[in-house]
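What the coordinates show
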Amino acid sequence: MTAFKEVSKKEFDEIREVISRFIESHYWIRTFRLRNLDDDKDLKRVIELFEENSTIKGSVNNATIYIIPIYYYDPRSRYGEIYIASLVIKRDFSGYTVKIGHWVSLSFQASSEEEAKSIVEEKIGGFTRLIEKALSIKHTLTTKLAELADCPKETMLIALLYRFYGDEVLSDDTIPGIHDTCSLKTGFFINDKVIVIPSIGLWVVRDTKSNKIFRIYASRFAEVSSEEKIFYDALFRGYRDLLEPEAMVKSELGAEYMFSSSETVVDGKNVSLVAIGGYDPEEKSWRYLDDIFAITCGVSVEDKCSAYSFYQKNIFEDMSEMNRYIFSGIEEAVLGLIFSSRRIREETKRRVAEDRVKKHTWEVLPA
């Protein structure tokens, strides 16, 4: 077992309530600037709580870090909860910056104490192990890891990453990228290991060694289905070109969306990717993504084209159905951009057009 500490339900509730009430009483502000740590008596009590209950603590450069990872399990109800809270105190020449991060809690069910421990380890154990490792070697990313305790899905994602990659994730852009989405500095982050797009409910981890891909379903990670995998493989392979904007699309109501596309090959099949979202022309960056969809067509002309919406988490069997559910108000503009895009193969455009024509032909025939 990692640094997670099993406590009674009473102790669990007391620790969580003290931190929650403090944050709520300060209008959900979690970062505080003080000249002296004694200036705010309520905050000082919270600091003392962390000092007494943290199972992970230490310092890196000018920051002192405290982590409270706890859980309880009731064998009578077979119900338990996990809670993580972090405190980062940074000192500089003018005083202190104090940051508090915490979950509300994560519930689970288990048939025994041993199963409860196993669930806690599976869901979040890798996260605490990585923080312990980073803190022991005074790694510069330790504070970013601690601050991620504010984002439950991101911490679960890091726990799974640690299972696959171990300390390796401390040496690339993965942790900073995930931290940027958690802190709302950026709207999303994608690299060869993870996809984090909160606006479309997407938290994905890829194990590059086994070529398996896992996505959060409810409050746990599970492997994506064999039918979906081609689309996730395509997104991991083609995301770099996909995030280069191509054109602006206006809806019938005047709202503006950025359009971008790319194409890649997965298991011998061409897969086209299209992204739609908000873009800041001054900052030259995407603010958020409304959806990403992937299109692939069968090998023969008789095989239909299909599309996958990463927001809907659904495979559509024809373009008309996809447009109706995803791009209401801008479907014709999006299709026009797909057909004019230089990044999508002519064969794919032709097959999509044929598929769309066939659909409309069948719609007209009964009349």
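This is a predicted model, so every value here is computed, not measured. (Residues numbered from 1 in each chain as written. Predicted model: local features only at pLDDT ≥ 70, side-chain atom pairs only at ≥ 80, totals over all residues. Heavy atoms only, no water.)

**Description of the sheet that holds strand 17 (residues 305-309)**
Strand order in this open sheet of six strands is 13-14-15-16-17-18, and the pairing throughout is antiparallel. Here the strands that pair on one side only, and so sit at the sheet edges, are strand 13 (247-250) and strand 18 (314-316). Neighbour-to-neighbour, the strand axes of this sheet turn through a mean angle of 30°, independent of strand direction. As defined by bridge partners, strand 13 adjoins strand 14 (residues 256-266) across four bridges and the pair is classed as antiparallel. (Pairing = 2+ DSSP bridges. Helix = DSSP H or I, 4+ residues; strand = E, 2+ residues; numbered from the N terminus. Axes fitted to C-alpha atoms, helices over the stretch in contact; angles between N-to-C directions.)

**Considerations on a nonpolar patch on the surface**
A contiguous nonpolar patch, built from Y27, W28 and I29 and spanning about 430 Å² of accessible area, is present on the exposed surface. For I29, the position within the fold is in the loop between helix 1 (9-25) and strand 2 (31-34). Residue I29 is classed as partly exposed on the basis of its relative accessible area of 44%. (Patch = residues over 30% accessible without salt bridge, like charges linked within 9 Å, V, L, I, M, F, W, Y side chains within 5 Å. Areas by Shrake-Rupley, 256 points an atom, 1.4 Å probe, with all protein chains shown as cover. Salt bridge = Lys/Arg side-chain N within 4 Å of Asp/Glu carboxyl O. Buried < 20%, exposed > 50% of the residue type's maximum accessible area, 1.4 Å probe, protein only.)

**What to know about the layout of surface pockets**
As a volume, the largest pocket reaches approximately 260 Å³. When residues of the lining of the largest pocket are traced back to their parent elements, those giving at least two are strand 5 (79-92), strand 6 (95-102) and helix 6 (174-182). The leading source of residues in the lining of the largest pocket is strand 6, at three residues. Residues belonging to the lining of the largest pocket are distributed by class as follows: five nonpolar, five polar and four charged. Considered as a void within the structure, the second largest pocket measures approximately 220 Å³ in volume. Lining of the second largest pocket is provided by 13 residues; of these, T186, G187, F188, F189 and W286 occupy positions nearest its centre. (1 Å grid on protein atoms, 1.4 Å probe; cavity = no way out; pocket = protein on both sides within 12 Å on 5 of 7 lines; lining within 4 Å. Points joined across faces, edges and corners; volume = space filled by probe spheres on them. Nonpolar A, V, L, I, M, F, W, Y, C, P; charged D, E, K, R; others polar.)

**A word on the state of the cysteines**
Within this structure, the stated rule accounts for one disulfide. Here C151 is linked by a disulfide to C182, with a sulfur-sulfur distance of 2.0 Å. Classification of the bridge connecting C151 and C182 rests on its S-S torsion, roughly 90°, and on that basis the disulfide is right-handed. Residue C151 is found in the loop between helix 4 (142-147) and helix 5 (152-165), and its partner C182 is found in helix 6; the two are separated by 31 residues along the sequence. (Disulfide = S-S within 2.5 Å.)

By themselves these figures say nothing about function.
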